[in-house]
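# Commentary on secondary and tertiary structure
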Amino acid sequence: MELSSLRIFKTVAEEGGVTQAAARLNRVQSNVSARLTQLEESLGVSLFHRSGRRMLITEDGARLLAYTERLLQLADEAQESMRGDRQPSGQLRIGSMETTAAARLPLVLGQFHRQYPQVDLVLDTGPTDYLLHAVLNHKVDVALVAAPVERPELVQLPVFDEELVLLTDSLHGPVTSPADVAKRTLLGFRSGCSYRRRLERWFAEGGVSPARIAEFGTFEAIIGCVAAGMGVAMMPKEVLKQRELARSVRVHALPDDVARVQTMLVWRRDIAQHAARDAFAAAFSSLKN
């Protein structure tokens, strides 16, 4: 198996079709189809179910994909180790919680890009559980997630201290306990968000339950719905400060055990060589100095 064929296979699996994969790889569709067919013939299995233009990965394909990601990561790591002291280059895939990407990352990414223009930065956002899975499965190289992270396979670097606050509409009265917002709708990101888990735990420890939980894809949508009186939410205070959104909602302090949380930069412990990743991690240390 050639690494180039495996890269094509991986891209088709990620894009779900030859047309999209060819565009992403800057190849003609016939070349992508031919290389994929050759790979299937050499292995003696079908890697995809063909459904019109859609390519649905088979059980054999899913098994090969797991090995492919490991092989390509090892190949990239070997290439990195040969570069010696040369400047970081190539692609760096960064995962981040959406609120961190909005309030914290712009400064870091801007400085990093100016210092290392040869690094191609790719950003993927999602909740902590999704991001941890992405790191462990080689989907991203590093991720910014909320502590605690109980995964010995990952290196962890504390990078930010966040204060979480409770948000209600501007006409809501003071909130000193979960009872003050009992039976309100909880507005948050999809399941797997560590901030949402903290808010749910705060409700549970107060012996009350939200009326229901409504999931959103962006923090702007959550804050907008809070301002409209649709429910309550938890958000890093820094997001409100950076975007000047505090005037549209009422902000309530939370107990320290709920409010205080560290943001961690994590990456796989078994990938020793990655110049761009190491430079990115160092960029956070420089911000603190």
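Residues numbered from 1 in each chain as written. Predicted model: local features only at pLDDT ≥ 70, side-chain atom pairs only at ≥ 80, totals over all residues. Heavy atoms only, no water.

### Considerations on the overall build of the chain
Broken down by element type, the chain carries twelve helices and eleven strands. Across its three principal directions, the C-alpha atoms of the chain cover 70 × 50 × 30 Å. Taking all 289 residues of the chain together, 46% fall into the buried category. Within the chain, contacts between residues at least 6 apart in sequence are counted, and of these 75% link residues at least 24 apart. Surface summary for the chain: the accessible area is close to 14600 Å², and the carbon and sulfur share equals 50%. Within the chain, one finds 35 positive and 34 negative side-chain charges whose respective centroids are separated by 2 Å. (Helix = DSSP H or I, 4+ residues; strand = E, 2+ residues; numbered from the N terminus. Buried < 20%, exposed > 50% of the residue type's maximum accessible area, 1.4 Å probe, protein only. Contact = heavy atoms within 4.5 Å. Areas by Shrake-Rupley, 256 points an atom, 1.4 Å probe, with all protein chains shown as cover. Lys, Arg positive; Asp, Glu negative; His and termini not counted. Charge placed at Lys NZ, Arg CZ, Asp CG, Glu CD.)

### Notes on the layout of surface pockets
Taken as a whole, the largest pocket encloses approximately 920 Å³ of empty space. In terms of lining, the largest pocket is formed by 29 residues, of which the most central are Lys10, Glu14, Arg24, Gln91 and Arg93. Elements that contribute at least two residues to the lining of the largest pocket include exactly helix 1 (3–15), helix 2 (18–25), helix 4 (59–81), strand 3 (90–96), strand 4 (119–125) and helix 7 (128–136). Per element, the largest residue contribution to the lining of the largest pocket is six residues, and it comes from helix 4. (1 Å grid on protein atoms, 1.4 Å probe; cavity = no way out; pocket = protein on both sides within 12 Å on 5 of 7 lines; lining within 4 Å. Points joined across faces, edges and corners; volume = space filled by probe spheres on them.)

### Looking at the pairing of strand 8 (residues 213–216)
Along strand 8, the buried face is formed by Ala214 and Phe216; none of Ile213 and Glu215, which line the opposite face, is buried. Here strand 7 (residues 186–189) pairs with strand 8 via four bridges, running parallel. Its bridge partner lying in strand 8, phenylalanine 189 is registered against phenylalanine 216. (Pairing = 2+ DSSP bridges.)

### Concerning the packing of helix 1 against helix 3 (residues 29–43)
Helix-helix packing is characterised by the crossing angle of the two axes and by the distance between the axes. Helix 3 packs onto helix 1 with a crossing angle of 110 degrees between their chain directions and a minimal axis gap of 9 Å. Here helix 1 is positioned roughly perpendicular relative to helix 3, judged by the angle of their axes. On helix 3, the residues that touch Ser4, Ser5, Leu6, Ile8, Phe9 and Val12 of helix 1 are Asn31, Val32, Arg35, Leu36 and Leu39. The residue inventory of the contact of helix 1 with helix 3, partitioned by class, reads seven nonpolar, three polar and one charged. (Axes fitted to C-alpha atoms, helices over the stretch in contact; angles between N-to-C directions. Parallel < 35°, antiparallel > 145°, perpendicular 65-115°, else oblique. Nonpolar A, V, L, I, M, F, W, Y, C, P; charged D, E, K, R; others polar.)

### As for the UniProt feature "domain: HTH lysR-type" (unreviewed entry) in the chain
Here the UniProt-annotated "domain: HTH lysR-type" (unreviewed entry) positions come out as residues 1–58. Helix makes up 62% of residues 1–58 and strand 14%, and the two end C-alpha atoms of the span are 19 Å apart. (UniProt positions renumbered as here; feature names shortened; annotations may be inferred.)

### What about unusual backbone geometry?
With an omega dihedral of 0 degrees, the bond running from alanine 147 to proline 148 counts as a cis peptide bond. Position of proline 148 relative to the elements: it lies in the loop between strand 5 (142–146) and strand 6 (154–168). Residues other than glycine seldom take positive phi values, yet asparagine 26 does so here, at roughly 60 degrees. If you trace the backbone, asparagine 26 turns up in the loop between helix 2 and helix 3. Residue classification places asparagine 26 among the exposed positions, given a relative accessible area of 73%. Phi angles above zero are rare outside glycine, and histidine 138 is one such case at about 65 degrees.

### Considerations on the packing of helix 2 against helix 3
Running from N to C, helix 2 and helix 3 cross one another at 110 degrees; their axes reach a closest spacing of 9 Å. It follows from the interaxial angle that helix 2 and helix 3 lie roughly perpendicular. Relative to helix 3, helix 2 is oriented so that their crossing is right-handed. For the pair formed by helix 2 and helix 3, the contact residues are Val18, Thr19 and Ala22 on the first element and Gln29, Val32 and Ser33 on the second. Split into classes, the residues belonging to the contact of helix 2 with helix 3 amount to three nonpolar, three polar and no charged. (Left-handed = near helix turned anticlockwise from the far one by under 90°.)

### Observations concerning the state of the cysteines
Enumeration according to the criterion identifies zero disulfides in this entry. Here cysteine 193 stays free of any disulfide, with the sulfur of cysteine 225 as its closest cysteine sulfur at 16 Å. Its relative accessible area of 7% is what places cysteine 193 among the buried residues. (Disulfide = S-S within 2.5 Å.)

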